[in-house]
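Per-entry structural report
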Amino acid sequence: MKKLLITFSLVSAALLGLVSCGTDKKPEPVNKNISWTEAPSLKEAYVDTGLFEHIGFAVPAMNLSKANIQNGLKHHATSVTLENEFKPDSIMRNFSNGIGAAAMEPFTSSKGITIDVPKQNKLNFDTVDKAFFDCMDMGIKMRGHVLVWHSQTPKAFFCEDFSSSKPLVNADVMEARQEWYIKSVFEHVQQWENSVNKGEHIIYAWDVVNEALSDSANSVNYLRDGGTSNWFKIFKNDEYIVNAFRYANKYAPSDVLLCYNDYNEFQGDKHLGYLKILDAVIAARDDAELPARIDVAGMQSHNQAGWPSPAEYENCIRNFINKGLDVQITELDITGSWKGGNNFDRPDPAVQAKTYTAYFNIYQKLRKTETSHGVTGITFWGINDEVSWRGAATPLLFSNYKTKDAFWGVLNACEKS
């Protein structure tokens, strides 16, 4: 009877949205620098208790087979994001050697346009497939990152005859190529899942479009322009963004989440531009021929200790939720002050920890419930400071696989929920 009552209490709390962190928490140790595999589990604190669906880390594919990485990920995470290996330039890396006519085949788009595209064996999924096996062995899912991006995409993909020395193709041809690439990626993933993973999804969400917003956005011109984006240079508007979500919707399983992803997503006109992108995709949901689908607003959250303010950050999340979307924090790290370019000061450890605590308090307050959209998962952009893209600014939770004050700041938010 006692066991039944306890079970009933937990179920009732979940239904009422009163899920809390784990009750088996140990006191914070005097020595805060302990092995990440001996520290309290973030997965147990935040996922097993029902607060979020996923806690994840960005990891280079080559590290996924290392025992220490696997042990730590199994302890703390339910999700990984490949740092680079699922980006278009990795999948299309064979394009750099040129594509002869014998390596081409016809593809007819949903709009009836027939173009020549590289045969499937010109796309290279070897590294991705190995990462799939590693994730399967660990019992961990993956966020797909990324399908459409102005960066880390071969110029040849945008050019006539897939030759970087030739002019860019027109919008009709590029849209067909976009559909072909998205179709190819989704079909490969589904073939792997069906043949190896008994049909179970290894990828639960995709960044369909990444970083289409301009850093100098204003109320009229908010998209990254042709100076940096071949996508914009060809389409000159947001059509390629909406189309990406049309084709992702067409080829993705209906229960795989589709996400738009960007950084400094809370900031002024860039935030307003983000909302305009969401509006454009949402407006295409009811299209009779090629409906779009978007499920998630992705917030990279490459932030600084004390910036943005918790209030500004929370307001951003609320605005995305109010669009009828869930929110995923996709690339979280926290540095010190910006010094220009990709240079940042090291944060004061105590301030960094407090910032992580403040953000996780917001995530919990705005988490998804049975009756409302909200934050569903958090991914840290890396494991160790030493291999972070902003390593000199010590932005992460661990250093040399040992916990920092930042880690205890994240856990402290759970303990205070």
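An account of the accompanying structure is given in this report. (Residues numbered from 1 in each chain as written. Predicted model: local features only at pLDDT ≥ 70, side-chain atom pairs only at ≥ 80, totals over all residues. Heavy atoms only, no water.)

Digging into the layout of surface pockets
What the largest pocket holds in volume is close to 590 Å³. Lining the largest pocket are 26 residues, with Tyr 263, His 302, Asn 342, Trp 389 and Arg 390 positioned closest to its centre. Every element with two or more residues in the lining of the largest pocket is listed here: strand S5 (141-149) and strand S9 (302-304). Of the residues belonging to the lining of the largest pocket, the class tally is eight nonpolar, twelve polar and six charged. (1 Å grid on protein atoms, 1.4 Å probe; cavity = no way out; pocket = protein on both sides within 12 Å on 5 of 7 lines; lining within 4 Å. Points joined across faces, edges and corners; volume = space filled by probe spheres on them. Helix = DSSP H or I, 4+ residues; strand = E, 2+ residues; numbered from the N terminus. Nonpolar A, V, L, I, M, F, W, Y, C, P; charged D, E, K, R; others polar.)

Observations concerning the side chain of Asn 210
Take Asn 210: it is sitting in strand S6 (residues 203-210). Judged by relative accessible area, Asn 210 falls into the buried class, the value being 2%. Among the polar contacts made by the side chain of Asn 210, one reaches the side chain of Asn 261 at a distance of 2.9 Å. Sequence-distant contacts of Asn 210, that is, excluding residues within four places in its chain, are made with His 145, Val 146, Val 148, Trp 149, His 150, Asn 261, Gln 300 and Glu 331. (Buried < 20%, exposed > 50% of the residue type's maximum accessible area, 1.4 Å probe, protein only. Polar contact = N/O pair within 3.5 Å; in protein donor to acceptor, adjacent residues only side chain to side chain. Contact = heavy atoms within 4.5 Å.)

Observations regarding helix H9 (residues 268-283)
The first and last C-alpha atoms of H9 sit 23 Å apart over 16 residues, in line with the 22 Å expected at 1.5 Å per residue. Here H9 has its buried residues at Lys 270, His 271, Gly 273, Tyr 274, Leu 275, Ile 277, Leu 278 and Val 281. In this structure, the buried residues of H9 make contact with helix H8 (239-251), strand S7 (257-262), strand S8 (296-299) and helix H10 (310-321). (Expected span 1.5 Å × (residues − 1).)

So, empty space enclosed by the protein
All chains considered together, the criterion is met by five cavities of 30 Å³ or more. Taken as a whole, the largest cavity encloses approximately 70 Å³ of empty space. As for the largest cavity, its lining consists of Ala 58, Val 59, Pro 60, Asn 63, Ile 69, Glu 83, Gly 382, Ile 383, Asn 384, Val 387 and Tyr 401. Of the pockets and cavities examined, the second largest cavity occupies roughly 50 Å³. In this structure, the second largest cavity is lined by Phe 186, Val 189, Gln 190, Glu 193, His 201, Ile 203, Trp 206, Pro 253 and Val 256. For the lining of the second largest cavity, the secondary structure elements donating two or more residues are helix H6 (171-196) and S6. Looking at which element gives the most residues to the lining of the second largest cavity, the answer is H6, with four residues. Looking at the lining of the second largest cavity residue by residue, the classes come out as six nonpolar, two polar and one charged.

So, H10
An α-helical turn contains 3.6 residues, so any two residues separated by three or four positions project in the same direction. In this model, H10 (twelve residues) spans 16 Å end to end at C-alpha, consistent with the 16 Å of a helix rising 1.5 Å per residue. Of the positions making up H10, those classed as buried are Tyr 313, Glu 314, Cys 316, Ile 317, Phe 320 and Ile 321. One side of H10 holds all its buried residues, which, seen down the axis, span an arc of 155 degrees. Buried residues in H10 make contact with H9, S8, S9, strand S10 (326-335), helix H11 (349-365) and strand S13 (375-380). (Arc of directions from axis to C-beta.)

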